[in-house]
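Descriptive analysis of the structure
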Amino acid sequence: MAELGVRLAGITLRGPFLLASGIWGESGESLAGAWRAGAGGVITKSIGAAPRLGYPNPTIEVYDQWGMLNAMGLPNPGIDEYPKEIEIARRAGATVIGSVFAGDETEFARLSERIEASGVQAIELNLSCPHAEGFGTEVGSEPADVERIVRAVVQRVHLPVIAKITPNTPDPAALAVAAERGGAAAISAINTLRALAVDVTLRRPVLAHGLGGLSGPAIKPIGLACVWQIYEKVRIPVIGVGGIRTGTDALEYVMAGARALEVGTAITFDGIGIFARLNQELSERLDALGYARLEDAVGAAHSPPS
Amino acid sequence: MAELGVRLAGITLRGPFLLASGIWGESGESLAGAWRAGAGGVITKSIGAAPRLGYPNPTIEVYDQWGMLNAMGLPNPGIDEYPKEIEIARRAGATVIGSVFAGDETEFARLSERIEASGVQAIELNLSCPHAEGFGTEVGSEPADVERIVRAVVQRVHLPVIAKITPNTPDPAALAVAAERGGAAAISAINTLRALAVDVTLRRPVLAHGLGGLSGPAIKPIGLACVWQIYEKVRIPVIGVGGIRTGTDALEYVMAGARALEVGTAITFDGIGIFARLNQELSERLDALGYARLEDAVGAAHSPPS
Amino acid sequence: MRTVVSVSDTVVETPSTITLRFPYAPSAEPGQFVMVWFPGDDELPMSLSYTDGVSKGVTVKAMGDTSRRVLALAPGATLGVRGPYGNHFDLTPRRVLVVGGGSGTAVLAPAAEGAIAQGAQVTVALGATRASELLFKDRLIQARARVKVATDDGSEGMEGYVTGLAASLLDQEPFDAVWTCGPEVMMRKVCAAASEHEVPVFCSVERHMKCALGMCDACALGPYHVCIDGPVFPAERLINSEDFARFHRDPSGRRVPFGGPAPA
Amino acid sequence: MRTVVSVSDTVVETPSTITLRFPYAPSAEPGQFVMVWFPGDDELPMSLSYTDGVSKGVTVKAMGDTSRRVLALAPGATLGVRGPYGNHFDLTPRRVLVVGGGSGTAVLAPAAEGAIAQGAQVTVALGATRASELLFKDRLIQARARVKVATDDGSEGMEGYVTGLAASLLDQEPFDAVWTCGPEVMMRKVCAAASEHEVPVFCSVERHMKCALGMCDACALGPYHVCIDGPVFPAERLINSEDFARFHRDPSGRRVPFGGPAPA
Ligand SMILES: Cc1cc2nc3c(=O)[nH]c(=O)nc-3n(C[C@H](O)[C@H](O)[C@H](O)COP(=O)(O)OP(=O)(O)OC[C@H]3O[C@@H](n4cnc5c(N)ncnc54)[C@H](O)[C@@H]3O)c2cc1C
Ligand SMILES: Cc1cc2nc3c(=O)[nH]c(=O)nc-3n(C[C@H](O)[C@H](O)[C@H](O)COP(=O)(O)OP(=O)(O)OC[C@H]3O[C@@H](n4cnc5c(N)ncnc54)[C@H](O)[C@@H]3O)c2cc1C
Ligand SMILES: Cc1cc2nc3c(=O)[nH]c(=O)nc-3n(C[C@H](O)[C@H](O)[C@H](O)COP(=O)(O)O)c2cc1C
Ligand SMILES: Cc1cc2nc3c(=O)[nH]c(=O)nc-3n(C[C@H](O)[C@H](O)[C@H](O)COP(=O)(O)O)c2cc1C
Ligand code: FES
Ligand code: FES
């Protein structure tokens, strides 16, 4: 059985499949549940300075088996309440990564300090939500902004900082390079793609917020391209996310350059049991290809066998 | 039967469904064939200054029914040879829109003059191919570049100029506004999304070029978001493209703000007969919703019924 | 994934409750819910009060802004419907006590009908604030349920809460199962009364819902997601929970006490 | 959409031709082709020379860089395969003349076998530059085809082109159909000879291919796309075409004369 454990940004993950931010991430018991189901680590919902209700319903639209559109609107209990949830997940033994979102570097730094204090093992900065005014892509689309935000956070916390990058950009590698320059310990790519659905009978957008973000299998090719491009330009590890549903999907990401993976939408299609299945499938795939350790396959597609 | 003919950028289209650039677009007989099959107009393959072989095979990867990845590499016969093909399509009575690509505004202007002389009725500028070094997104990702290129072309030709915009951007509307400022008569959105597939058994990217572009149903939600955002910011008409396969898909684009539509990948799934079917389905949909003319539905989702 | 349907019939059931009937083909079981989009307004979880055949139905109680506006809907109104979601009541027990408080009866009525159709004996303890708010009394009688009534103001049946009525029924005769839906404090009391007689209880629980797909975590209740693990829970999953009848999560995900202050 | 397969057997058929056998489950008809990816090299259209069962095969003639390297492949080599694509030969005619030039016989052999299995009488006019380049002669004889040979250098059978052999066979006896594959000038001559006797001809045509899905236009031949409307065309679709045996398109889409200058 191939070794699936990886070292990433100074922390040791028992397996490469992390619960992606925003799925099962508001309550500590859910985080603990994902951990018990076999996740190598769990990333919290992105937490902000104050409680936020999110957008009204409808907040999601499902496309058959290939994709999902959502505009939750970054609902979250706020940094004052949320540490209680982290505590529950930690008591279950979970490796917890805290995700935060903010509108500028000062707030990012302040939130990161707060979440660091709550006992997480790394911090992921959401620089990439595509549909929240004043947050996400709006602060994470310019390399200079990314660098400034990451630097401000890195200067204030001791934990490894992961920059989560948007795919809504001409040059994801430039954003990753900026994050690396700012001191990021890892990059996650990708968040959702800005997207829309219209109900033609009702003559209006389906989601209450109008614009949302596309996730699920359909964005895997886009996520792979981002990871591929980023891997060629940075030395820090890359976490692949977007449309992972099978061990083969995961291995595509690994060979494109990812050292760990996040899983979101597929949980909706397949249930939380997907973590056990993914560990199993990836391990079998690696065995069949003669890899003793997942880490040996990282970036393999960049120097193919001749 | 609802009226499907539309006026767009000074030309009259007998129907809203245009053959998208790059599909059935290298030979005049194929263009003529798409016209005979019911396309409201046909857009040529993007033509450059010299013949270009494109990338080696594999150039495509198909994802079941929801998407397709390609990196053709802008193969084209070059502007010296290509007018013969346009001539064949024109003799068949087709409304022909000439697509061109170039590395800078000087070459864009020169190519546009040449293609204008060949008898097309409008010119589409490919500012958005996601995988050709020195072309496409590489010249079309900055609003200032888009404005400069469009202006250089508009100053040299009399035909309406359509700017085809990339979705690989944080702000498609900014690119469209720049094109409008430069004098564009219409915007097409979107081109493909930069994407990748890896063969894990062979440990290499599937496409010979590595990176390619994602098209087909999976990108419809992304195309809709771009059209939606652009429609809110420009006065010139928008042509919707990306994943259109049914009359309902088309109407989603129309209600999001599109006045005409381009169809590409769906031809691969459904054959060229798709144009007749799309005309039929869209017309029925409009009838059922009480629209006498397609034009009446343009942008309808921006002011939904209360 | 949503189907836009046109309301075929509306029935004003009580001064504050309306049933909307609409054609919706997917098959459903009593206990399941759908997400109903009232265009221009909210999308809300609603139990199916009619589960058989194509003509489904939901029965909506005016609570807040959206549901109040629903009361004014007329046939022809368009809705977006997705689902059905969640688990359902097991209709096999032979002697069932149904305890419905207010609009909770919406989800219990088709379950009672289904069980009776399979030969069960169903007793319904029906509660409401006042006689005019009793939901589906005639429907249940017509289905041959034995219906007992309690009203807070005594305007019909026993005066007092339906929990008292349920407790006395449990004292009087044996049941194989209790099904209940209503405010969680009410359901907790029903669980307590039934546990004295060792009768298994199944509670239909409501939590704030967004995705209804087991993804967004809005409906988290302890280790469960009400949208996929519920809405019907056996009492033993609830009674030791710190949250049941005490806390729920507001739309931000904050754990707040029932009846507590609304979030900022 | 591609299946990565491992070559199970290789057979060197002639000094310049190799057959690769590999397991590939999708069912195929004689005349169809697959796109074969030689990893690290090109992906090329190749007719299936073995269409039955799971053990499919392609027979590759060394032409340019990639196909020359294919000649050196050994069992265990991995290929990406997609397809089968295109139309196929109609195997119902009773008396068939098969005219194969060089590696064109690759696609004709399974068609001949298939027709014989259905009871047809098949005569094969087999041509090659020299005896050692005759493809599938033994295979066709074993399938009970009547095999006549022509070689350019006279090293076996009739000296001269296979077109002359075919013309004399057409003069001598009646046929219900002619199937041919080879250089287009050859096929054009076969069409001319057969039309004198009013025998329908079906030509398997090659054009540069990229997508094989009727999308990229690389394989445009007049109003047709060889990848989806062909590769098998009835003669009447070809003989009046300005392109057949005269022009093809290079990978840029330029219409260039056969044997003309390679593109820049
Ligand atoms: C599984 C399930 C089944 C339900 N079945 C029925 C039913 O058959 N009939 C019925 O009348 N009601 C039912 N409800 C409750 C119903 O969804 C809410 O009462 C209704 O949404 C009130 O909406 P409002 O916008 O009018 O109220 P608001 O003014 O928005 O809020 C009033 C209260 O309604 C609840 N609520 C609001 N939005 C939601 C939401 N998205 N999800 C859950 N609760 C919400 C909250 O408790 C809130 O405090 C059900 C709820 C769930 C979870
Ligand atoms: C439907 C079809 C079926 C075919 N079946 C067979 C077969 O069974 N056996 C066989 O040996 N050959 C077959 N060919 C031809 C074969 O694909 C080419 O001869 C082969 O690709 C040469 O490749 P190369 O890279 O070695 O040559 P190159 O050096 O690249 O070029 C030599 C010539 O090969 C042709 N060629 C190159 N690439 C392609 C391409 N992508 N598509 C079409 N032609 C190309 C061109 O005519 C070119 O001039 C078939 C072609 C088609 C279209
Ligand atoms: C419902 C939902 C909510 C999400 N919320 C967040 C969030 O709060 N913060 C964040 O960084 N990403 C969020 N994401 C993005 C996911 O973490 C992930 O990047 C994306 O969905 C792609 O992965 P997937 O295809 O596996 O879902 C959310 C995604 C979904 C579907
Ligand atoms: C094989 C292929 C080739 C393409 N070539 C071009 C091109 O030359 N110029 C261009 O502007 N767009 C090109 N495109 C993009 C399409 O015109 C279209 O914008 C995109 O595919 C989305 O539409 P669809 O989903 O309907 O295919 C190409 C797309 C495909 C699939
Ligand atoms: S409503 Fe989203 S998890 Fe239950
Ligand atoms: S090979 Fe692309 S259309 Fe035939």
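The rules behind each value
- Residues numbered from 1 in each chain as written.
- Chains lettered and ligands numbered in written order.
- Predicted model: local features only at pLDDT ≥ 70, side-chain atom pairs only at ≥ 80, totals over all residues.
- Heavy atoms only, no water.
- Helix = DSSP H or I, 4+ residues; strand = E, 2+ residues; numbered from the N terminus.
- Rg over C-alpha atoms; globule rule 2.2 N^0.38 Å.
- Buried < 20%, exposed > 50% of the residue type's maximum accessible area, 1.4 Å probe, protein only.
- Areas by Shrake-Rupley, 256 points an atom, 1.4 Å probe, with all protein chains shown as cover.
- Lys, Arg positive; Asp, Glu negative; His and termini not counted.
- Charge placed at Lys NZ, Arg CZ, Asp CG, Glu CD.
- Phe/Tyr/Trp six-rings, centres within 6.5 Å; stacked < 30°, edge-to-face > 60°.
- Lys NZ or Arg CZ within 6 Å of the ring centre and 35° of its normal.
- Least-squares fit on C-alpha atoms with pLDDT ≥ 70 in both.
- Core = buried A, V, L, I, M, F, W, Y, C linked by side-chain atoms within 4.5 Å.
- Pairing = 2+ DSSP bridges.
- Axes fitted to C-alpha atoms, helices over the stretch in contact; angles between N-to-C directions.
- Contact = heavy atoms within 4.5 Å.
- pLDDT = per-residue confidence, 0-100.
- Polar contact = N/O pair within 3.5 Å; in protein donor to acceptor, adjacent residues only side chain to side chain.
- Near = heavy atom within 4 Å.
- Nonpolar A, V, L, I, M, F, W, Y, C, P; charged D, E, K, R; others polar.
- Buried area = accessible area lost by both parts, 1.4 Å probe.
- Salt bridge = Lys/Arg side-chain N within 4 Å of Asp/Glu carboxyl O.

1. Some remarks on the overall build of chain C
When helices and strands are counted, chain C shows six helices and 18 strands. The C-alpha radius of gyration computed for chain C amounts to 17 Å, which stays within 12% of the reference 18 Å derived for 264 residues, consistent with globular compactness. Overall size of chain C, expressed as C-alpha extent along the three principal axes, is 50 × 40 × 35 Å. Evaluated residue by residue, chain C yields a buried proportion of 56% over its 264 residues. As displayed, chain C offers around 10,400 Å² of accessible surface, 51% of which is attributable to carbon and sulfur atoms. Each charge class in chain C was averaged separately, 24 positive and 29 negative side chains, and the resulting centres sit 2 Å apart.

2. Describing the packing of aromatic side chains
Residues and elements named next belong to chain C. In the structure shown here, the tally under the stated rule is 14 aromatic pairs over all chains. A centroid spacing of 5.5 Å and a plane angle of 50° characterise the contact between Y224 and F233, whose relative ring orientation is tilted. By the burial criterion, Y224 is buried, and F233 matches it. Above the ring of F136, the side-chain terminus of R139 is found at 4.6 Å from the ring centroid.

3. Some words on the relation of the copies chain B and chain A
Under the fitted operation, chain B is carried onto chain A by 0.0 Å of movement along the axis and a turn of 180°, and the coordinates agree to an RMSD of 0.0 Å. Each copy turns onto its partner about a two-fold axis. No C-alpha of chain B approaches the rotation axis more nearly than that of T169 of chain B, which lies at 2.1 Å.

4. Details of the nonpolar core
Membership of the largest hydrophobic core comes to 328 residues, with the highest contact counts inside it found for L125 and F275 of chain A together with L125 of chain B. Within the second largest apolar cluster, 30 residues are counted, among which are F89, V96, A111 and A112 of chain D.

5. Things to note about unusual backbone geometry
Trans peptide bonds make up most of the peptide bonds, and negative phi angles are found at most residues other than glycine. Each neighbour pair has its own omega, and for N57 of chain A with P58 of chain A the value is -5°, a cis peptide bond. Mapped onto the elements of the fold, P58 of chain A is located in the loop between β4 (41-43) and β5 (60-63). With omega at 0°, the peptide bond leading from G83 of chain C into P84 of chain C counts as cis. With respect to the element layout, P84 of chain C can be found in strand β7 (residues 78-85). Even without being glycine, R203 of chain A reaches a positive phi, approximately 60°. Looking at where R203 of chain A falls in the secondary structure, it is placed in the loop between β12 (198-199) and β13 (204-205). A positive phi angle, close to 80°, is found at D217 of chain D, a residue other than glycine. Locating D217 of chain D in the fold gives a position in the loop between β13 (201-204) and β14 (220-221). Classification of D217 of chain D as buried rests on a relative accessible area of 1%.

6. A closer look at the sheet that holds strand β10 (residues 186-189) of chain A
All names here are of chain A. Ordered in space as β3-β4-β7-β8-β9-β10-β15-β16, the eight strands form a closed barrel in which the pairing is parallel. The average angle at which neighbouring strand axes cross in this sheet is 25°, direction not considered. Judged from the three bridges that link them, strand β3 (residues 17-19) and strand β16 (residues 258-263) form a sheet pairing that is parallel. Across the sheet, residue L19 finds its bridge partner in β16, namely V263. Docked against the sheet, helix α7 (residues 220-231) engages β10, β15 (238-241) and β16, running at close to 170° with respect to β15.

7. Some details on the confidence of the model for chain C
Here chain C shows a mean pLDDT of 95. Residues at 70 or above account for 98%. Both scores are available for the predicted complex, with the pTM at 0.97 and the ipTM at 0.96.

8. Considerations on the side chain of T151 of chain C
All names here are of chain C. Locating T151 in the fold gives a position in strand β10 (residues 146-151). Looking at T151, its side chain comes within polar contact range of the main-chain oxygen of E156, at 2.7 Å. The contact partners of T151, leaving out residues within four places of it in the chain, are A128, T129, R130, A131, L134, E156, M158, E159 and G160.

9. With respect to the site of ligand 4
All names here are of chain B. If you check the shell around ligand 4, you find 24 residues, and the closest are S21, S46, K164, G243 and T265. Here an oxygen atom of ligand 4 and a backbone polar atom of I190 are 3.0 Å apart. Here G216 contributes a backbone N or O atom positioned 2.8 Å from an oxygen atom of ligand 4. Compared with its free state, where it exposes 610 Å², ligand 4 has 98% of that area covered by protein. Looking at the shell around ligand 4, its residues break down into nine nonpolar, 13 polar and two charged.

10. Here's the deal with the side chain of E43 of chain D
Relative to the assigned elements, E43 of chain D resides in strand β5 (residues 43-50). Here R2 of chain D takes part through its side chain, which lies 3.2 Å from a polar atom of the side chain of E43 of chain D. Separated by 2.9 Å, the side chains of E43 of chain D and R82 of chain D make a polar contact. Residues in contact with E43 of chain D, not counting those within four places in the same chain, are N57 and P58 of chain B together with R2, M35, V36, W37, R82 and K210 of chain D.

11. Looking at the site of ligand 2
All names here are of chain D. Among the 19 residues in the neighbourhood of ligand 2, the closest are listed as L44, P45, T59, K61 and S67. Within the contact set of ligand 2, an oxygen atom lies 3.4 Å away from a backbone nitrogen or oxygen of T66. Surface burial for ligand 2 is 79%, taken as the share of its 850 Å² of free accessible area covered by protein chains. The element contributing the most residues to the shell around ligand 2 is β5, with four residues. Considered class by class, the residues forming the shell around ligand 2 number eight nonpolar, seven polar and four charged.

12. Quick look at the interface of chain C and chain A
The interface of chain C with chain A comprises 32 residues on the first partner and 33 residues on the second. Overall, the association of chain C and chain A removes approximately 2,800 Å² of surface from exposure, summing both partners, and the carbon and sulfur fraction of that is 58%. Linking chain C with chain A are two salt bridges. Here R249 of chain C and E85 of chain A are joined by a salt bridge, their closest N and O atoms 3.0 Å apart. Where chain C meets chain A, there are 15 residue pairs in polar contact (both at pLDDT 80 or more). Counting residues per element, the ones that place at least two in the side of chain C that touches chain A are β4 (33-37) and β7 of chain C. Of the residues contributing to the side of chain C that touches chain A, the split by class is 16 nonpolar, seven polar and nine charged.

13. Section: the pairing of strand β3 (residues 17-23) of chain C
Residues and elements named next belong to chain C. Counting buried residues in β3 gives six out of seven residues, a clear majority hidden from the surface. One ladder, built from five bridges, connects strand β2 (residues 9-14) with β3; its direction is antiparallel. Paired with T10 across the strands is L20, a residue of β3. Where β2 folds back on β3, the antiparallel hairpin that results is connected by two residues. As judged from the seven bridges shared by β3 and strand β6 (residues 55-61), these two strands associate in the antiparallel manner.

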